[in-house]
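Results of the structural survey
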Amino acid sequence: MGIDVRAVSKRFGGFSALEDVSLEVRSGELLALLGPSGSGKTTLLRIIAGLEVADSGSLIFHGEDATARRARDREVGFVFQHYALFKHMTVFENVAFGLSVKRRRLGLTRAEIARKVGDLLKLVQMDWLADRYPSQLSGGQRQRVALVRALAVEPKVVLLDEPFGALDAKVRGELRRWIRRLHDEIHLTSVFVTHDQDEALEVADRVVIMNQGKIEQIGTPEEVYDRPANLFVYTFLGNVNLFRGRHAREGVHPENGGGEADAYVRPHEIELFRERRSEQSVPIVVSHVRAIGPIVRLELKRADTGDLLEAELTKERYREIGLAVGEAGFVDPRNLRFFESDYSI
Amino acid sequence: MIEQALRAEPARRSEATDERPVVRGALIVVALLFVAVFLVLPLLVVFGQAFAKGVVFYARAIEEPDSLAAIRLTLVTAFAAVSLNLVFGVLAAWTIAKFRFFGRSVLVTVIDLPFAISPVVSGLVFVLLFGAQGWLGGWLSAHDIRIVFAPPGIVLATVFVTFPFVARELIPVMQALGNEEEEAAIVLGASGLQTFFRVTLPNVKWGLMYGIVICNARAMGEFGAVSVVSGHVRGLTDTIPLQVEILYNGYSFTAAFAMASLLAFLAIATLVVKSLVEWRLSRESKDGN
Amino acid sequence: MLLKERSILPGFVPAWSYTVLYVSLVLLIPIAALVLKAATLSWPHFWAVVGSPRVVASYRLSLLASLAGAGANAVFGLLIAWVLTRYRFPGRRIVDALIDLPFAMPTAVAGIALTTMFSPVGLLGRALIPLGVKVDFTPLGVGVALTFIGLPFVVRTVQPVLLDLDAEVEEAAASLGASRAQTVLRVILPSILPSWLTGFALAFARALGEYGSVVFISGNLPGKTEISPLIIITKLEQFDYAGAAAVATVMLVFSFLLLLLINLLQWWSARRFEPGARRQPA
């Protein structure tokens, strides 16, 4: 099912959580809402679920206006950040809850519910946990139960609020892949909220980047990473080095360019040499080297301005150059980017 | 009020932030002495005096017709007051804990009022409303309805005095739990009543239980308010505390303490339930998250 | 319409309506009846009643004895809360549970028990009277009874704050060179001050209106050991309903003022220790 969010705004007291946000969630896709805290992403998710009511704007579910539809009638599955599992119910009872409260409407017998829930738990290989209480589960298991509980009522959309937020790094990785696989298997429209750019870029089909109640950019992970719409998106998606305006390469100034535009480059887009390669080469001194794993991270100090730069090289490349701490060299920024200067880092 | 954290053992403290053993010992001794004089001794006196003339005398004192009538009236009154305040307390807690609305803090303060009002004043308001000289007195006597100096007045005064207890226990528990589980239930398709009975109620059951128990203890033990509206019609409008007063003022000390010991047992039982509830809550909060 | 933030949880209108209706019927209308009754007196008459020497003496006793009781609780309550939260000793759990006894024990029962304890033949009376300390039938007795009933308030308001106090803060003070006494006076006491004052005010409010535990031990000597609630009872027994209502109204005003003070104190301590508790979605 596709969802159309049209011109939605929401205020909490004096705080504007969402300002005129429009967004189309395509049927069957896995969409990430990415942004820093306070950017309005969770509010947007809760409005889609019917947990909050927008001050203005409308929601279209599969071509029908669902703005006024009650949460319980939206056929939306919601996975809460802290899972919101019913503490006094077993895993089985938690998963069965949605079906059992609608038992009469759905015309199901208790036995049918038990069978359905049993099948579902088996599908996700959690049947052995059926009689446990939430307090007896690990964080990753709780997260899975919360998702399975949401799926049990066969929703048309699943909404996940920071699904990996409370988990440690290893479990996060496993769970990410698990959710991606599950999504590919059942082809459900899914929207998840995250503040972790790696997570969004790794898991989602498309990423919506939000900031201060507005959408900054929507696109596939490649699009937003390679062609960021503005400085906010660029800096939010990875580490950044700043080259102040007067040192930016000549001739590459943007149209607003009176020569003072700042230029940006990611650490892995900086090339390091012993000798000057070109006019644009910038003299540096190596101030710190951290060589852990396949990537070597260097902190470089510009000899001309004293600004600090960050560079990332492969181990092989670093060995070729062999610059140690305190030695001088040159860098050439590849792929310098310019943004209109109404954003600040 | 229930404090979940109170069951926690005092943590071992580092040398730098602990008192010297002498100071520590002195503080403990003074605190325990105060507790002994003001809490333990009165309790011992009640039971000591109640059984001063033996178990047979004790049993006979309680089997007095007036005493039995007082016990009966106390039970009926407490049942009525607890039931009324239970329904109110649950609805008030739901309103206050789950919603933000204009006038919310005023409502919270108003519910606390009976804590601050003298029990004598609480009884008086009903005499002034329903008594022979009261605003509705004429109408009531014309229709031959007795409220003051009769059991209905006792129930009303008790309801007034014990009014906040269930609500006050439930509000913090419900607030602490937040709305997430209820939201989850509703997104999963549960109706309002299903959400309340299947999600909210099981989560607050311990707080609710203590609310009922303390409300009951206060209802059974209420003295000031009830003594104003009772009129002391022997065997008809005397509750256990009033019977204690009558016996005591009539110099039947042992019998007075025998009746009093019933209420002291109730108080101890109430404290036991409170400790159990706190223990359960601290275990649950340790399990959860 | 009810001004309320939107919420998807159901049942606000019926629950709110029932709550307000019940509060009005059980609480507000009866209190209004009291104030209206007092208003049937003319101003001079009203002042004559509430300002008569015997009544004024009862205010004095009620205020002073309540202050003494609440003061004793402030000191010993703080000490007990400290001992319960900081030290391990045998019987700690039982003492902790016992603290609520005055809350659960009927006041009349406490009254006769205290009177018996302090009577000339009682456990403590026997020891105290030879020392020249007479408790029963004196203002001191009133203070003792009011100390008993106010005991849980200070302990139970201070205890959670003491528990929440971060041990690291004390360790920081110690590592910065503060002596233990300095740490207690300059770090711990200021943090528990709002809740301590709240507990004191709660104990004071409770003591002002107390009746059951006092009437037995006080002896009710007019002008000497007669508390304000007892004045109301006496006036009722003389069928002076308007007079009773007048004194009750004065007490009610005291109660309201104290409730206001307590709310301010709680607001202060909440503001001081829970900054930014405002709900704000991510």
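Before reading further, recall that the structure is shown in the block above.
Residues numbered from 1 in each chain as written. Chains lettered and ligands numbered in written order. Predicted model: local features only at pLDDT ≥ 70, side-chain atom pairs only at ≥ 80, totals over all residues. Heavy atoms only, no water.

What to know about the overall build of chain C
A tally of helices and strands in chain C yields 13 helices and zero strands. In chain C, the succession of helices and strands from N to C terminus is α-α-α-α-α-α-α-α-α-α-α-α-α. Relative to its full complement of 282 residues, chain C shows a buried share of 54%. Within chain C, contacts between residues separated by at least 24 positions form 74% of all contacts whose residues are at least 6 apart in sequence. (Helix = DSSP H or I, 4+ residues; strand = E, 2+ residues; numbered from the N terminus. Buried < 20%, exposed > 50% of the residue type's maximum accessible area, 1.4 Å probe, protein only. Contact = heavy atoms within 4.5 Å.)

Considering the overall build of chain B
On a plain count of helices and strands, chain B comes out with 13 helices and zero strands. Starting at the N terminus, the α and β elements of chain B follow one another as α-α-α-α-α-α-α-α-α-α-α-α-α. Principal axes of the C-alpha set define a box for chain B whose edges measure 60 × 55 × 30 Å. Expressed as a percentage of its 289 residues, the buried residues of chain B come to 58%. Restricting the contact set of chain B to residue pairs at least 6 apart, pairs at least 24 apart contribute 75%. Accessible area of chain B: about 11,600 Å², with a carbon and sulfur share of 67%. The distance from the centre of the 21 positive side-chain charges to the centre of the 21 negative ones in chain B is 3 Å. (Areas by Shrake-Rupley, 256 points an atom, 1.4 Å probe, with all protein chains shown as cover. Lys, Arg positive; Asp, Glu negative; His and termini not counted. Charge placed at Lys NZ, Arg CZ, Asp CG, Glu CD.)

What about empty space enclosed by the protein?
Counted under the stated rule, the structure contains eight cavities of 30 Å³ or more. Of the voids in this model, the largest cavity is the one considered here, and its volume is about 280 Å³. Lining the largest cavity are 27 residues, with Pro 119, Val 161, Arg 218 and Glu 222 of chain B together with Arg 206 of chain C sitting closest to its centre. Taken together, the elements giving at least two residues each to the lining of the largest cavity come down to α4 (104-116), α5 (119-130) and α10 (192-221) of chain B together with α5 (101-104) and α10 (180-209) of chain C. Within the lining of the largest cavity, the residues separate by chemical class into 16 nonpolar, seven polar and four charged. Counting residues per element, the lining of the second largest cavity draws most heavily on helix α13 (residues 241-273) of chain C, at four residues. Per-class residue counts for the lining of the second largest cavity are nine nonpolar, five polar and no charged. (1 Å grid on protein atoms, 1.4 Å probe; cavity = no way out; pocket = protein on both sides within 12 Å on 5 of 7 lines; lining within 4 Å. Points joined across faces, edges and corners; volume = space filled by probe spheres on them. Nonpolar A, V, L, I, M, F, W, Y, C, P; charged D, E, K, R; others polar.)

A closer look at α10 of chain B
All names here are of chain B. Between the first and last C-alpha of α10 there are merely 37 Å, a value that for 30 residues lags more than 12% behind the 44 Å anticipated at 1.5 Å per step. The largest bend in α10 amounts to roughly 60° and is located at Lys 205. Across the 30 residues that make up α10, a large majority, 21, are buried. (Expected span 1.5 Å × (residues − 1). Bend = angle between axes of the 7 residues up to and from the residue.)

Thoughts on the pattern of salt bridges
Side-chain pairs of opposite charge can arise where the charged atoms are in close proximity. All names here are of chain C. Counted under the stated rule, the structure contains 33 salt bridges over all chains. Ionic pairing is found between Arg 54 and Glu 226, a salt bridge with its closest N-O pair at 2.6 Å. Highlighted residues: Arg 54 in helix α3 (residues 53-86) and Glu 226 in the loop between α11 (212-218) and α12 (228-237), separated in sequence by 172 residues. With a closest N to O distance of 3.0 Å, Arg 86 and Glu 170 form a salt bridge. (Salt bridge = Lys/Arg side-chain N within 4 Å of Asp/Glu carboxyl O.)

Looking at the interface of chain B and chain A
With 20 residues of chain B at the contact, the number on the chain A side is 26 residues. Of the roughly 2,000 Å² buried between chain B and chain A on both sides combined, carbon and sulfur atoms contribute 60%. Across the contact surface, chain B and chain A share two salt bridges. Salt-bridge contacts for Lys 87 of chain A lead to Glu 181 of chain B; the nearest nitrogen and oxygen are separated by 2.7 Å. Summed over the shared surface of chain B and chain A, the result is eight residue pairs in polar contact (both at pLDDT 80 or more). Listing elements by their share of the side of chain B that touches chain A, those giving two or more residues are α9 (180-187) and α10 of chain B. (Buried area = accessible area lost by both parts, 1.4 Å probe. Polar contact = N/O pair within 3.5 Å; in protein donor to acceptor, adjacent residues only side chain to side chain.)

Description of the interface of chain C and chain B
The partner chain B presents 98 residues to the 97 residues of chain C that form the contact. Of the roughly 9,100 Å² buried where chain C meets chain B, counting both sides, 77% is carbon and sulfur surface. Taken together, chain C and chain B are joined by nine residue pairs in polar contact (both at pLDDT 80 or more). Looking at the side of chain C that touches chain B residue by residue, the classes come out as 68 nonpolar, 15 polar and 14 charged.

Looking at the packing of aromatic side chains
Inspection of every chain in the model, using the stated rule, returns 32 aromatic pairs over all chains. For the ring pair Phe 47 of chain B and Phe 265 of chain B, a centre distance of 4.8 Å and an interplane angle of 50° mean the geometry is tilted. With a gap of 218 residues between them, Phe 47 of chain B in helix α1 (residues 21-50) and Phe 265 of chain B in helix α13 (residues 253-287) connect regions that are remote in the sequence. Exposure remark for Phe 265 of chain B: the relative accessible area of 44% places this residue in the partly exposed category. Both rings, one in Trp 94 of chain B and one in Phe 99 of chain B, keep their centres 6.4 Å apart while their planes meet at 70°; by these two values the pair is edge-to-face. Accessibility assignment for this pair places Trp 94 of chain B and Phe 99 of chain B in one class, buried. Three or more aromatic residues joined by ring pairs make a cluster, and in this case those are Trp 94, Phe 99, Phe 101, Phe 196 and Phe 197 of chain B together with Phe 12 of chain C. Taking NZ or CZ as reference, Lys 53 of chain B lies 5.0 Å from the ring centre of Phe 57 of chain B, over its face. (Phe/Tyr/Trp six-rings, centres within 6.5 Å; stacked < 30°, edge-to-face > 60°. Lys NZ or Arg CZ within 6 Å of the ring centre and 35° of its normal.)

Quick word on the side chain of Ser 62 of chain C
Residue and element names in this part refer to chain C. Note on placement: Ser 62 falls in helix α3. On the accessibility criterion, Ser 62 (4% relative accessible area) is buried. Among the polar contacts made by the side chain of Ser 62, one reaches the main-chain amide nitrogen of Ser 228 at a distance of 3.1 Å. Look past the residues within four positions of Ser 62 in its chain and what remains in contact with it is Leu 208, Ile 227, Ser 228 and Pro 229.

Topic: the nonpolar core
Judged by nonpolar contacts, the single largest core of 232 residues is most densely connected at Leu 33, Leu 44, Phe 97 and Leu 159 of chain A together with Leu 34, Ile 80 and Ile 232 of chain C. Here Ile 80 of chain C is in contact with Ala 31, Phe 34 and Val 35 of chain B together with Ile 99, Leu 151 and Val 155 of chain C, once residues within four sequence places are set aside. Formed by 46 residues, the second largest nonpolar core is a distinct cluster that contains Ile 113, Leu 147, Leu 151 and Phe 236 of chain A. (Core = buried A, V, L, I, M, F, W, Y, C linked by side-chain atoms within 4.5 Å.)

Remarks on the side chain of Ser 213 of chain C
Residues and elements named next belong to chain C. With respect to the helices and strands, Ser 213 occurs in helix α11. A distance of 2.9 Å separates the side chain of Ser 213 from the side chain of Glu 210, its partner in a polar contact. Other than its neighbours up to four places away in sequence, Ser 213 contacts Thr 107, Ala 110, Gly 111, Ala 145 and Ile 149.

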